[in-house]
Each structure stands twice: as structure tokens, then as C-alpha cells.
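Results of the structural survey
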Amino acid sequence: MTHPAVEMLRFTRSEWQRGLRGVTEEDGSRHFGQMNSIGWIVGHLAWQEQRYLLIRPQGLMPRADIQSRFTTGGPMSTPELAETLAAWREITKASEPFLDTLTTAKLVRDLPLPKGKRSGQTQGDAIRRMTYHYWFHIGEILAIRQVLGRRKLPEYVGALEAKAPFRPER
């Protein structure tokens, strides 16, 4: 059975995708002041997924370009939305088998840093941080879309009780 933390991450990903529905390439490339473009935000979340679910726990890096271009604190850029969405899909698809293996015992293990150094962050901490990070950027994306004058935007949180109801850990 899927761990509740993984269920919540998957629900959050689906809500994030719902928030992106209807974003055009033009909208995805807009900047307002210091805000990053939606295209960059997508690449940034792909970066975090790759880092926390592929590189650090498994030593896998399917998209080195994502790792170098979308790190926290990296320079502002305006990538194509289609490009970053394709990278996000590739990375999240690659992470699915790993997510299916996670148990409480695995989630409380240290998530290693490069060269095997201890991080003080568990796999569970990383998944929780990533889940909350998605929600931060969902709000940011909707704010950008509102500034662009877009209407009929999704309301959050969606069908939580139907798609990811609370259940105690087994």
C-alpha cells in the first residue's frame, strides 16, 4: 500500500498540474518584477524532484540540464514552458517506481548528500518539503495568472477527500 506521504505528494502534483492547465507559452514566459516566469517555476520543481527522488537517494540524474539551470538562487531565465514541462514529466515518471517502494522505515533514513555525507534530512523530510514547495508555487502561478488578467482559474484545494483522504499510517 502506498505511504500517506507519497499519496499527498501525488495529490499535490495533480493540483499543481490543474493550476497549470490553460497556461500558454506566452503566459509561461512572462516576468513581473523579481518574480520568475511560470516556465522557470516548472523547471525549478523538476530540479527539486530530481534532487530529492533520483539523485540523492538513487544516484540517478536523467536531466543534467535541469540540475544546472533551475537550482534555488540560480539566475533568472525564461525557458520555454513546453521544454520544462517535458523535463518535469520525464523526471516525475522516473521517480514513480522509487515512490512505490517507500515505507515508514525508508522515509526516516537519512537522505545522503554527495560523497555519502550525512545531511540530517530524511527522505520523509524531503518529500514533505517538496510537497509544501509545490503549494507555494501553486499560489505563485495563480498570482501570475491573475496579474495577466486570466479568469476562471482553479480554486484550491480540489477534491482532496476523494483523491487523497486522510488515512492513518498502517
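What counts, and where the lines are drawn
- Just so you know, the residues in each chain are numbered from 1, in the order the chain's sequence is written.
- Thresholds applied to this predicted model are a pLDDT of at least 70 for local features of residues and 80 or more for the giving and counting of side-chain atom pairs; totals over whole chains, interfaces and linings are not thresholded and use all residues.
- Where side-chain values are given, they derive from all heavy atoms of the structure, hydrogens and water being excluded.
- What counts as a helix is a DSSP run of H or I of at least four residues, what counts as a strand is a run of E of at least two, and both are numbered from the N terminus.
- Each residue is placed in one exposure class: buried if its accessible area under a 1.4 Å probe, protein chains only, is under 20% of its type's maximum, exposed if it is over 50%, and partly exposed if it falls in between.
- Confidence of the predictor at the level of single residues is given by pLDDT, which spans 0 to 100.
- Residues count as neighbours in contact if any of their non-hydrogen atoms are within 4.5 Å of one another.
- Throughout this description, a polar contact denotes any pair of N or O atoms lying within 3.5 Å of each other; where both atoms belong to protein, one of them has to be capable of donating a hydrogen while the other can accept it, and for residues adjacent in sequence the pair is counted only when both atoms sit in side chains.
- Only one rule defines a salt bridge in this text: a Lys or Arg side-chain nitrogen within 4 Å of an Asp or Glu carboxyl oxygen.

A short note on the environment of Glu-26
Locating Glu-26 in the fold gives a position in helix H2 (residues 25–28). Classification of Glu-26 as exposed rests on a relative accessible area of 57%. Linking Glu-26 and Glu-80, residues 54 residues apart in sequence, is a C-alpha distance of 8.9 Å.

Side note on the confidence of the model for the chain
Looking at the chain, pLDDT values average 93 and 99% of them are 70 or higher. Mean pLDDT values for the elements of the chain range from 85 in helix H8 (residues 160–163) up to 98 in helix H5 (residues 81–101).

Brief notes about the environment of Trp-47
With respect to the element layout, Trp-47 can be found in helix H3 (residues 38–58). Among the residues examined, Trp-47 registers a relative accessible area of 6% and is labelled buried. Sequence separation between Trp-47 and Met-130 is 83 residues; the distance between their C-alpha atoms is 11 Å. Those residues in contact with Trp-47, other than ones at most four positions away along the chain, are Ile-66, Gln-67, Phe-70, Thr-71 and Thr-72.

What about the environment of Gln-123?
Mapping Gln-123 onto the fold places it in helix H7 (residues 123–147). With 70 residues separating them in the primary sequence, Gln-123 and Leu-53 have C-alpha atoms 8.3 Å apart. Other than its neighbours up to four places away in sequence, Gln-123 contacts Tyr-52, Leu-53, Pro-57, Phe-98, Leu-102, Lys-106, Leu-107, Arg-109 and Leu-111. One polar contact links the side chain of Gln-123 to the main-chain carbonyl oxygen of Tyr-52, over a distance of 3.0 Å.

A short note on the pattern of salt bridges
Within the structure shown, the criterion is met by 10 salt bridges. For Arg-128, the salt bridge identified is with Asp-125, shortest N-O distance 3.6 Å. On the criterion of helical spacing, the pair formed by Arg-128 and Asp-125 is a turn pair, its members being 3 residues apart in helix H7. Residues joined by salt bridges that share partners form a network here, namely Arg-10, Arg-13, Glu-49, Glu-96 and Asp-100.

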